[in-house]
Amino acid sequence: MRSPEPSLTELYRRMALIRRFEERALELSRDDFMPGSIHLCAGQEAIPVGVVSALEPADRVLSTYRGHGWALSCGVPIIELLGEVCQRAGGVNGGRNGSALLTAPSYGFLGENSIVGAGVPIAAGVALAARARGTDGVAVVSIGDGAMNQGSVHEALVFAAVNDLPLVVVCENNGWAEMTPAASMTRGDQLLDRANGYHIAARSADGCDPLAVREAALWALTEARASRGPVLLEFATVRLWGHYNNDIERYRSPDDREAAAAREPLVVARRRLIESGAAVAAQLDQIDLEIRNVIDQATVAVRAMPEPDPADAATHVTSVTKSTVAAADSPDRGAPTHLTYQRAINHALEAELSERAEVLLYGEDVGTAGGIFGVSRSLQRKFGRDRVFDTPITESAILGSAVGAAIAGMRPIVEIMWADFLLVALDQLINQAANIRYVSRSELTAPMTVRVQQGATPGSCAQHSQSLEALLAHIPGLKVGLPATAADAYAMTRAAIGDPDPCVLIEARELYQIPGDVYLNGPAEAVGGARVHRRGSAACVITWGPMLHRALTAAESLAADGIDVGVVDLRWLRPLDNAAIADAVAMSGGRLVVAHDSNLTGGFGAEIAAQLQEHHFSSLAAPVRRVGAPDIRVPAAPSLQHAVLPSADSVELACRELVLGPGPAPAIP
Ligand SMILES: Cc1ncc(C[n+]2csc(CCOP(=O)(O)OP(=O)(O)O)c2C)c(N)n1
C-alpha cells in the first residue's frame, strides 16, 4: 500500500481517479443501471488518498458507507469495484453488497459499514488481533462527524484506550450529518476536544490537502504502532454533492455549496501544482484524460456484466458442519468427572485456551474476578492478562471487538453478563457478526463465541430475567445453543469455540451449581445436534434450556401413572436438528408438546410447532401443544414468579391433555 513520499502530482492523480469514479457512479445511478442509493465522497478524496499513502502492508482499513475512495485507495480493481457498486455478478462481492457494505479483505480493505459508527468497535477488535498476533499492524477506521455522537464510537474509544490498542480513528468532518448541519448537533465545534476525555492523542488537519492528511496519518500511525494508541484524527473536509445520489439538498444553502466548491481538493491541488511550477495545466489535463479512459473502459466492462445468479443468494450463510453429539455418547469418552455446570464451562474454557493460541477470553469482570458467577475463575492467572481480561462496561465494544478480532484471525470468547444486556448492543451481533460471512462470500468469517446467561431466579428483576433465545435464533448467520446439563455445558462450549461461525451460548443461571457427569476426554463435538433424554410412545416433549429438567420431572410423574412420555433436548436452536424432531414425531405417534421458559408469543416453540405442522402434518395425531410463559413481564418476588413461569406441572398437564384429552379447565401455569 504505502508508496515512498508520493508527489502532489501523484496524489492528484489518485484523487482524480476517485472523483471520476464517483461521477460515473452517479451517472449510472441516474440512468437506472444501478439500483438503490449510493453515498459518494466527492470533495473528501484527499482523506483516503493521504491516509492510505501512509499505511504499511500489515495495516487494515475500515470505512463508512461513503467508502469508494477508501476502496480505490487500497487498490481494489476499478472494474470489480464499479461492478459491485452496480450490484453485478462480477462485482468484488458478487453484487451482495452494492455500494454501501462492500468489502475486499485481500486488499487490506475490511469493508464499509452502513450502521453509523459501528466500524469503530470492529476496528478496535482488528487492532486487538494485530497486537495479539504480533503483526505490527494498525487498524484504521473512518467515520463521519455525525458518527462522533454515536454510543458505539464512545464505547470503542474507551475500550481501545484502556487497552492501548493500535487504532487510528479518522473523522471525516464534512460539516453534515445526512441533512443536518453537524454544528447543530454538537455543543462546541471542536470534535477533537473529545480526545481529552479519553486521554488519547489527537490531531486535526486540512482534509482537503492530501499532503497534510498524509503527514497527520504518518504521525498517528507511528503513535499507534508504538502502543500509544488509539489516536483520533479530525480532517475538515467538504461534501460537494448531496448525502446520497438522489439528494436534491433542499436543506442546504447555495453559500454552503459554493464554500465547499472553493475548498475542494482537486481544484486546490491543481492550482497549487500549477502555481508552484510542479506541473503545467496540460500535464494535469493529460492525467484527467487517462483517468477518464480508464473509467470509460471499466464502465463498458461493467455494463457487460450479468446480473448475479439467483442460485447464489442462499450460499455462504454459515459454514456447513456435520452435527454430532459425540462426547457423552462415544465409546471413547473415558471415565466421567463429576462437575457442576459452571465448573464444566470453566474446564471447557481452560481446555480451549490451552489448545488454541488464538483464543481470547474477555468481558466485564471476567479476568481478575473470574466472572460474577465464577465461570472464568482462575483462568487469568493461568493464561495471563493478554488472553483473559476485564473490559469496561461497553457491550457494543465487547461484541464489536470480538467481530473485529475474529475476522482478523483470533477466536474471541466474550461474556455478556446477562442476556438482557445483549439488547444494548445487538447491532454488533445481528448487523455485523451474522453478516460477515454472507457479505464477503466466506472471505471473512467471525469465529467468535458469545457466552450469556439468562432466566428468572428468585428476586431477579424484569431486566435480569428474560429468556431471549427466540430473538437470536431468528437471525440467519448466528448459531444458538442452550446447554441444559453439565456434560452439554462442557461439550457445547468447546463445540462453539471450535466452530467457524459466531455462536451464542445461552447458559442457565439456575443450573450453574447443578452437578453432573462430564466427559472431559471424549471426542470433540461439532455444533448442532439434539439429545434424546428419554424415549416414550404416549407423547414427546421437545424442549431446551432449564425446562429440560421440568420436562423430565413431568415425564417421571406421568410414568408413575403409566403414561410413557419421551423428552428431547434440542440443545441448539440454530442449527436445528430436524432428524431429532422427526424422531420425536415417530416415537410419540405424533403427540407433541413443545416446552420452554420464554414467552409463548413469538417464542421458538411457535417455530417448532409451525415446522411440525409443515413437515409432519400427516403424522400428527393431535395439534401440537405449547408450554411457555404467558405474555407477562417477569416479576421479582418468588410467589409472583411462580405465578408466571411454566413449571413441571404445566408440562405434565399439557401431556396429560394430549394423551387423555382435556380434563377440567386447567389452571394458568
Ligand atoms: C445507526 C444508524 N443511525 C442512522 C443511520 C442513518 N444515517 C445514514 S448516514 C447518516 C449520517 C451520518 O453522518 P456522518 O457521520 O457525519 O457521515 P457522512 O454521511 O457525513 O459521511 C445517518 C444518520 C444509520 N445508517 N445508522
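What you see is a predicted model; the values in this text were computed from it and never measured. (Residues numbered from 1 in each chain as written. Predicted model: local features only at pLDDT ≥ 70, side-chain atom pairs only at ≥ 80, totals over all residues. Heavy atoms only, no water.)

*Asks:* Give a description of the overall build of the chain that names residues and reports values.
*Replies:* Along the backbone of the chain there are 23 helices and 22 strands. Expected size for 669 residues packed as a compact globule is a radius of gyration near 26 Å; at 28 Å, the chain falls within 12% of this value. C-alpha extents for the chain along the principal axes are approximately 100 × 55 × 50 Å. Every one of the 669 residues in the chain was classed for burial, and the buried ones make up 60%. Expressed as a percentage of contacts within the chain between residues at least 6 apart in sequence, the contacts between residues at least 24 apart total 80%. By element, 53% of the accessible surface of the chain is carried by carbon and sulfur atoms, the whole surface being about 25300 Å². Put simply, the chain has 56 plus and 76 minus side-chain charges, and the middle of one group is 2 Å from the middle of the other. (Helix = DSSP H or I, 4+ residues; strand = E, 2+ residues; numbered from the N terminus. Rg over C-alpha atoms; globule rule 2.2 N^0.38 Å. Buried < 20%, exposed > 50% of the residue type's maximum accessible area, 1.4 Å probe, protein only. Contact = heavy atoms within 4.5 Å. Areas by Shrake-Rupley, 256 points an atom, 1.4 Å probe, with all protein chains shown as cover. Lys, Arg positive; Asp, Glu negative; His and termini not counted. Charge placed at Lys NZ, Arg CZ, Asp CG, Glu CD.)

*Asks:* Got a sec to walk through the packing of aromatic side chains? Specific residues and values, please.
*Replies:* Tallied over the entire structure, the rule returns 8 aromatic pairs. Centre to centre, the rings of Phe373 and Tyr512 are 5.4 Å apart; their planes meet at 35°, and the pair counts as tilted. Separated by 139 residues along the polypeptide, Phe373 in the loop between β10 (359-363) and α13 (379-383) and Tyr512 in the loop between β15 (503-508) and β16 (515-518) bring together distant segments of the chain. Residue Phe373 is classed as partly exposed on the basis of its relative accessible area, which comes to 23%. Site record: aromatic cluster; members linked through ring pairs are Tyr341, Phe373, Trp418, Phe421 and Tyr512. Note that Arg88 overlies the ring of Phe33, its terminal NZ or CZ placed 3.9 Å from the centroid. (Phe/Tyr/Trp six-rings, centres within 6.5 Å; stacked < 30°, edge-to-face > 60°. Lys NZ or Arg CZ within 6 Å of the ring centre and 35° of its normal.)

*Asks:* Could you give an account of the nonpolar core, naming the residues involved and the relevant values?
*Replies:* In terms of nonpolar packing, the biggest core is built from 93 residues, with Leu429, Val450 and Ile608 touching the most fellow members. In contact with Val450, other than residues within four places in its own chain, are Leu399, Val414, Ile416, Leu422, Leu429, Cys503, Val504 and Leu505. In terms of nonpolar packing, the next biggest core, distinct from the first, is built from 64 residues, Ala16, Phe33, Phe109 and Val231 among them. (Core = buried A, V, L, I, M, F, W, Y, C linked by side-chain atoms within 4.5 Å.)

*Asks:* Explain the sheet that holds strand β22 (residues 625-629) to me, and be specific about the residues and the numbers.
*Replies:* An order of β17-β19-β18-β21-β22 is seen for the 5 strands of this open sheet, with the pairing classed as mixed. In this open sheet, the two strands that pair with only one neighbour each are β17 (531-534) and β22. Neighbour-to-neighbour, the strand axes of the sheet open up by a mean angle of 25°, direction not taken into account. Inspection of the sheet shows strand β21 (residues 592-599) paired to β22 by 4 bridges, in the parallel sense. Residue pairing in the sheet places Val594 in a bridge with Arg626 of β22. (Pairing = 2+ DSSP bridges. Axes fitted to C-alpha atoms, helices over the stretch in contact; angles between N-to-C directions.)

*Asks:* Report on the layout of surface pockets, specifying residues and quantitative values.
*Replies:* Considering only enclosed or pocket space, the largest pocket measures out at about 660 Å³ in volume. Taken together, 39 residues make up the lining of the largest pocket; nearest its centre are Ser465, Ser467, Asp597, Ser598 and Leu645. Mapped by element, the contributors of at least two residues to the lining of the largest pocket are α17 (469-473), β15, β21 and α22 (638-644). Considering each element in turn, the lining of the largest pocket owes the most residues, 4 residues, to α22. Its residues assigned to classes, the lining of the largest pocket comprises 18 nonpolar, 15 polar and 6 charged. (1 Å grid on protein atoms, 1.4 Å probe; cavity = no way out; pocket = protein on both sides within 12 Å on 5 of 7 lines; lining within 4 Å. Points joined across faces, edges and corners; volume = space filled by probe spheres on them. Nonpolar A, V, L, I, M, F, W, Y, C, P; charged D, E, K, R; others polar.)

*Asks:* How would you explain the sheet that holds strand β11 (residues 388-390) if you had to name every residue and give the values?
*Replies:* An order of β11-β10-β12-β13-β15-β14-β20 is seen for the 7 strands of this open sheet, with the pairing classed as mixed. At either end of the open sheet lies a strand with only one pairing partner, and these are β11 and β20 (572-574). Averaged over all neighbouring strand pairs, the angle between strand axes comes to 20°, with direction disregarded. Sheet analysis places strand β14 (residues 479-481) next to β15, joined by 3 bridges and oriented parallel. Looking across to β15, one finds that Lys479 is bridged to Cys503.

*Asks:* Give a detailed account of empty space enclosed by the protein, specifying residues and quantitative values.
*Replies:* Applying the stated rule across the entire model yields 4 cavities of 30 Å³ or more. Taken together, 16 residues form the lining of the largest cavity, with Leu101, Leu110, Glu112, Gln432 and Ile436 sitting closest to its centre. Those elements giving two or more residues to the lining of the largest cavity turn out to be β2 (109-111) and α16 (426-440). Broken down by element, the lining of the largest cavity gets its largest block of residues, 5 residues, from α16. Broken down by class, the residue content of the lining of the largest cavity amounts to 9 nonpolar, 6 polar and 1 charged.

*Asks:* Can you lay out the environment of Glu525 for me, pointing to particular residues and giving the numbers?
*Replies:* Considering the arrangement of structural elements, one finds Glu525 in the loop between β16 and β17. The class of Glu525 is buried, set by a relative accessible area of 9%.

*Asks:* So what's going on with the packing of helix α1 (residues 8-30) against helix α4 (residues 78-85)? Residues and values would help.
*Replies:* Contact geometry for α1 and α4: axes closest at 11 Å, N-to-C directions at 35°. Crossing of α1 over α4 shows right-handed handedness. From α1, Leu17, Phe21, Arg24, Ala25 and Leu28 reach across to α4, where they touch Ile78, Leu81, Leu82 and Val85. Grouping the amino acids of the contact of α1 with α4 by side-chain chemistry returns 8 nonpolar, no polar and 1 charged. (Left-handed = near helix turned anticlockwise from the far one by under 90°.)

*Asks:* Outline the environment of Arg24, supporting the account with residue identities and numerical values.
*Replies:* Relative to the elements of secondary structure, Arg24 occurs in helix α1. Non-local contacts of Arg24, meaning those with residues more than four positions away in its chain, are made with Leu82, Ile295, Asp296 and Thr299.

*Asks:* Quick rundown of the site of the ligand? Include the residues and the values.
*Replies:* Near the ligand you find 15 residues, and of these Tyr65, Arg66, Gly146, Ala147 and Trp176 are the closest. The separation between an oxygen atom of the ligand and a polar side-chain atom of Arg66 is 2.8 Å. Contact distances for the ligand include 2.9 Å between an oxygen atom and a backbone N or O atom of Ala147. Out of a free accessible area of 580 Å², the ligand has 74% covered by protein chains. Of the residues contributing to the shell around the ligand, the split by class is 6 nonpolar, 6 polar and 3 charged. (Near = heavy atom within 4 Å. Polar contact = N/O pair within 3.5 Å; in protein donor to acceptor, adjacent residues only side chain to side chain.)

*Asks:* A description of the pattern of salt bridges should follow, citing residues and the corresponding values.
*Replies:* Pairing is possible between side chains that carry opposite charge, provided their charged atoms lie close to one another. Under the definition given, this model contains 44 salt bridges. A salt bridge links Glu249 to Arg239, with the nearest nitrogen and oxygen atoms 3.2 Å apart. With Glu249 in the loop between β8 (231-236) and α9 (254-263) and Arg239 in the loop between β8 and α9, this residue pair connects regions lying 10 residues apart in the sequence. Residue Glu249 is classed as buried on the basis of its relative accessible area of 6%. For Arg239, a relative accessible area of 1% puts it in the buried group. (Salt bridge = Lys/Arg side-chain N within 4 Å of Asp/Glu carboxyl O.)

*Asks:* Hey, could you go over the state of the cysteines for me, with residue numbers and the actual values?
*Replies:* Tallied over the full model, the rule gives 0 disulfides. Free of any disulfide, Cys171 has its nearest neighbouring cysteine sulfur in Cys208, separated by 14 Å. For Cys171, a relative accessible area of 1% corresponds to the buried category. Just so you know, Cys540 is unpaired, no disulfide at all, and the nearest cysteine sulfur is the one on Cys655, 8.8 Å from it. (Disulfide = S-S within 2.5 Å.)

*Asks:* Kindly report on the pairing of β8, identifying the contributing residues and their values.
*Replies:* Most of β8 sits out of view: 5 of its 6 residues are buried. Pairing of strand β4 (residues 167-173) with β8, which is carried by 6 bridges, proceeds in the parallel orientation. Bridge pairing in β8 places Val169 opposite Leu232. Summarising the sheet, strand β7 (residues 201-206) and β8 pair through 6 bridges and their orientation is parallel. Looking at β8, one finds that Asp206 is bridged to Ala236. The β-α-β motif built from β7, the intervening helix α8 (residues 210-225) and the parallel element β8 has right-handed crossover chirality. (Right-handed = clockwise from strand over helix to strand, strands pointing away.)

These results come straight from atomic positions and should not be treated as a statement about function.
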